[in-house]
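Structural description and commentary
Chain by chain, the residues:
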Amino acid sequence: FGAMGGTKDKNKGYDVLFKSLRRLYQKIYLENVHFVIFGQEDPGNSGLDFLETTWMGHVSDDEKLAVIYNSADMMIVPSRIENLPQSATEAQACGVPVIGFNCTGLIDAVDNGKTGLLVKPYSSEEMSEAIKLLIQDPLICEQLGKNARLRALELWSSSKVHELYLDLFNRIAMAENDE
């Protein structure tokens, strides 16, 4: 999970994520699960004492962020409101599947069932089940990650974005010449 001040900003959905993790903890043994949070320091009252957790603080270095993503098995983006969540696109660019809610900008960022899993908006139960699936079935998790990387290259690579901007500029120039 990653968000600037994410545990304090209700829109980032940490409260739903916390409920999902608590629910998951009650269902399966989480000895081999390590939860990483970037974007803020440990607030000291997160309630995550049942889960091995590392708080990375604010990460402004792109290389360090890429290492964090590449070390993850999944990225959880429990946001209530997002445009095109950067954490979801960055994770997928690193070959990491994303779990989030089937609403707002996550619908554009995640191809449900192909590059990650989108669950009923704000349902801690469904989010918990999605996390459980990817923990318990590493082959599905791996395939979603591979698909995520391919889709990210197709949609958000610098060469693809360059091509789209060039096309836009050319259309604008041609429209101006027609005037």
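A few points on the structure. (Residues numbered from 1 in each chain as written. Predicted model: local features only at pLDDT ≥ 70, side-chain atom pairs only at ≥ 80, totals over all residues. Heavy atoms only, no water.)

Glancing now at the sheet that holds strand 3 (residues 75–77). Read from one edge of the open sheet, 3 strands run 3-4-5, paired in parallel fashion. Looking at which strands have only one partner, the edges of the open sheet turn out to be strand 3 and strand 5 (116–119). Sheet twist, expressed as the mean angle between neighbouring strand axes with direction ignored, is 15°. Where strand 3 lies against strand 4 (residues 98–101), 3 bridges are found, and the strand directions are parallel. Along strand 4, the bridge assignment pairs Met 75 with Val 98. (Pairing = 2+ DSSP bridges. Helix = DSSP H or I, 4+ residues; strand = E, 2+ residues; numbered from the N terminus. Axes fitted to C-alpha atoms, helices over the stretch in contact; angles between N-to-C directions.)

Here Ser 79 shows up in the loop between strand 3 and helix 3 (86–93). According to the relative accessible area criterion, Ser 79 is buried, its value standing at 2%. For the pair Ser 79 and Gly 13, spaced 66 residues apart in sequence, the C-alpha to C-alpha distance is 4.7 Å. What Ser 79 contacts, discounting residues up to four positions off in sequence, is Asn 11, Lys 12, Gly 13, Phe 101 and Leu 106. Side chain to side chain, Ser 79 and Glu 82 meet in a polar contact 2.8 Å long. (Buried < 20%, exposed > 50% of the residue type's maximum accessible area, 1.4 Å probe, protein only. Contact = heavy atoms within 4.5 Å. Polar contact = N/O pair within 3.5 Å; in protein donor to acceptor, adjacent residues only side chain to side chain.)

A separate point is the side chain of Thr 115. Here Thr 115 shows up in the loop between helix 4 (106–109) and strand 5. Taking the relative accessible area as the measure of exposure, Thr 115 reaches 1% and is therefore buried. Among the polar contacts made by the side chain of Thr 115, one reaches the main-chain amide nitrogen of Asp 111 at a distance of 2.9 Å. Beyond its immediate sequence surroundings of up to four residues, Thr 115 is in contact with Gln 92, Pro 97, Val 98, Ala 109, Val 110, Leu 144, Asn 147, Ala 148 and Arg 151.

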